[in-house]
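Geometric and topological summary
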Amino acid sequence: QVQLVESGGGSVQPGGPLRLSCEASGRIFSRYPMGWYRQAPGKKPELVATISSSGITDYPASVKGRFTISRDNAKNTGYLQMNSLKPEDTAVYYCYLHPSVVHDPVGGYWGQGTQVTVSS
């Protein structure tokens, strides 16, 4: 069984940075693509960053240039560096591992979520 534990959420002022971490148990982390989803109240989950097992990254337009996803396979840990944060980035953020495609929210492993609040 794989467990994902997120950390690093909190409150930040607009324009500020925040870094999320996601530590995985087990031995699959290095082989699986990883993604970060977020869900704001009353909205559908949004995939905000993906990284392949080899380090290829992708982002939607809403966060491109502001968010950076990375991974350290030796530490079984993934990261989401968020800069220039906006109030609309406020959400619960989840890390996600999937055997093949992180765009499929079924069949993978989820973290417990961490709250990010951007407010002045």
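Nothing here was measured: the structure is a model prediction, and the numbers come from that model.

1. Re the overall build of the chain
A tally of regular secondary structure across the chain gives 0 helices and 11 strands. When the helices and strands of the chain are placed in sequence order, the string is β-β-β-β-β-β-β-β-β-β-β. For 120 residues, the compact-globule formula gives about 14 Å, and the C-alpha radius of gyration of the chain, at 13 Å, lands near that figure. Its C-alpha atoms put the chain at 40 × 30 × 25 Å along the principal axes. Per-residue burial for the chain yields a buried fraction of 42% across its 120 residues. The long-range fraction of contacts in the chain, counting pairs at least 24 apart against all pairs at least 6 apart in sequence, stands at 55%. Across the chain, the 11 positively charged side chains and the 8 negatively charged ones have centroids separated by 2 Å.

2. Some points on the sheet that holds strand β8 (residues 77-82)
Pairing within the open sheet is antiparallel, and its 4 strands lie in the order β1-β3-β8-β7. The open sheet terminates on both sides in strands that have one partner only, identified here as β1 (4-7) and β7 (67-72). Between one strand axis and the next, the sheet turns through 15° on average, direction left out of account. As paired elements, strand β3 (residues 18-24) and β8 share 6 bridges and run antiparallel to each other. Its bridge partner being in β8, R19 is matched across the sheet by Q81.

3. Let's talk about the nonpolar core
Side chains of a nonpolar character, in soluble globular proteins, are inclined to be buried together. With 29 residues, the main nonpolar core has W36, F67, I69, L80, M82, Y93 and L97 as its most contacted residues. Put simply, the parts of the chain that give this core at least two residues each are β3, β4 (34-39), β5 (46-51), β7, β8, β9 (91-97) and β11 (114-118).

4. Digging into the environment of R27
Here R27 shows up in the loop between β3 and β4. We classify R27 as exposed; its relative accessible area is 77%.

5. Topic: the state of the cysteines
Applying the stated criterion to the full structure yields 1 disulfide. Between C22 and C95 runs a disulfide, and the two sulfur atoms are separated by 2.1 Å. For the disulfide bridge between C22 and C95, the dihedral angle about the S-S bond is near 60°, and by the sign convention the bridge is right-handed. One end of the pair, C22, is in strand β3; the other, C95, is in strand β9, with 73 residues separating them in the sequence. Per residue, the accessibility class of C22 equals that of C95, and both read buried.

Conventions adopted
- Residues numbered from 1 in each chain as written.
- Predicted model: local features only at pLDDT ≥ 70, side-chain atom pairs only at ≥ 80, totals over all residues.
- Heavy atoms only, no water.
- Helix = DSSP H or I, 4+ residues; strand = E, 2+ residues; numbered from the N terminus.
- Rg over C-alpha atoms; globule rule 2.2 N^0.38 Å.
- Buried < 20%, exposed > 50% of the residue type's maximum accessible area, 1.4 Å probe, protein only.
- Contact = heavy atoms within 4.5 Å.
- Lys, Arg positive; Asp, Glu negative; His and termini not counted.
- Charge placed at Lys NZ, Arg CZ, Asp CG, Glu CD.
- Pairing = 2+ DSSP bridges.
- Axes fitted to C-alpha atoms, helices over the stretch in contact; angles between N-to-C directions.
- Core = buried A, V, L, I, M, F, W, Y, C linked by side-chain atoms within 4.5 Å.
- Disulfide = S-S within 2.5 Å.

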